[in-house]
Amino acid sequence: MTEYGRNTIGEGARIFEPVTLGFPSRERIGQKEFAGTVIGKNAVLRTGTIIYCDVEIGDDFSSGHNVMIRERTKIGDHVAIGTSAVIEGDCVIGSNVSLQSMVYIPTNTFLGDHVFIGPNAVLTNDRYPPHGKPPLQGPVVRDGVSIGAGAVILPGITIGEGALVAAGAVVTHDVPARTMAIGSPARFVDLPERMRE
C-alpha cells in the first residue's frame, strides 16, 4: 500500500494491492504533514483504489477495482462503490449507499442515505463548461432515491426523497419527492404502484 499523510484504517480491513491512501490534493503537494484518509472498520479496498487526503469514510465500506475518491469527501457507513467509479472532491455521501460501476459523482455533490445509482450514471456540476461560472454546483440527491443506469443529472438539480430516475433519463429540472423522472428531457410521472409505500 502506498500512503501519503496520516492515514487511519479501522480493524478488519481487507486490502488488495495496489491501493493508495492519502494522495495529496493540489493544496497538499509539498507539505510534510497533512490529514490523509480515515476509514472505519471492516473495509474492503480492491486493486487500484486511490483515496485522496482529507477523506473520511465510515464502517463497512467497499470499493471495486480502480475506484477514485478525491479530497475533502465524507462518506457514511455501509457504502459500496463499484468498479471504475469516480467521486470528485468536496462531496458528502450518506450511509447505506450503493454506487454501481463507472458512476461519476462531481465536485460539490450531496447524496443522502439509502441512495442507489446504477452503472454509467453521470451527475454534473458545471452548467456552462468549461468556464465554471457560476461556481460548480453538483446535484442534491435526497434519501431513498434510485437513479437508473446511464441517467444524466444536470448541475444544481435536487432529486426529492424517494424519487426514481429511470435508466437513460436526462434530468434538467428538480424532481419532486416520490415521483419518477423518465425520458429525455425527463418528464415526471407517478411511481409504479408496486414502488409506492
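Only a predicted model underlies this, so the values are computations on that prediction, with no experimental measurement involved.

A.B. asks: Explain the side chain of Thr49 here, please?
C.D. replies: Position of Thr49 relative to the elements: it lies in the loop between strand S6 (44-45) and strand S7 (50-52). With relative accessibility at 0%, the residue Thr49 sits in the buried group. Of note is the side chain of Thr49, whose polar atom sits 2.7 Å from the backbone oxygen of Arg46. Setting aside chain neighbours within four positions, we find Thr49 in contact with Pro18, Val19, Thr20, Ser63, Gly64, Asn66 and Val67.

A.B. asks: When you look at the sheet that holds strand S24 (residues 164-165) in this model, what are you seeing that I'm missing?
C.D. replies: Within a sheet, adjacent strands bond to each other through the backbone by hydrogen bonds, running parallel or antiparallel. Pairing is mixed across the open sheet formed by 10 strands, whose spatial order is S3-S6-S9-S12-S15-S18-S21-S24-S26-S27. Across the chains shown, the open sheet's two edge strands, defined by having one partner strand only, are strand S3 (14-15) and strand S27 (187-190). Where strand S9 (residues 62-63) and strand S12 (residues 80-81) come together, two bridges link them in parallel fashion. Each bridged residue has a counterpart across the sheet, and for Ser63 the counterpart in S12 is Ile81.

Calculation criteria
Starting afresh in each chain, residues are numbered from 1 along the sequence in its written order. With pLDDT at 70 or above as the cut-off, local features in this predicted model cover only qualifying residues; side-chain atom pairs require 80 or more to be listed or tallied, and sums for whole chains, interfaces and linings still use all residues. Excluding hydrogens and water, the side-chain values take into account all heavy atoms of the structure. Only DSSP runs of H or I reaching four residues or more are called helices, and only runs of E reaching two or more are called strands; each is numbered from the N terminus. Throughout this description, buried means an accessible area under 20% of the type-specific maximum (1.4 Å probe, protein chains only), exposed means over 50%, and partly exposed covers the range between. A 3.5 Å cut-off defines polar contacts: any pair of N or O atoms within that distance qualifies, except that in protein one atom must be a possible hydrogen donor and the other a possible acceptor, and neighbouring residues in sequence count only when both atoms are side-chain atoms. A contact between two residues is defined here by any heavy atoms of the two lying within 4.5 Å. At least two bridges found by DSSP between two strands are what make those strands a pair.

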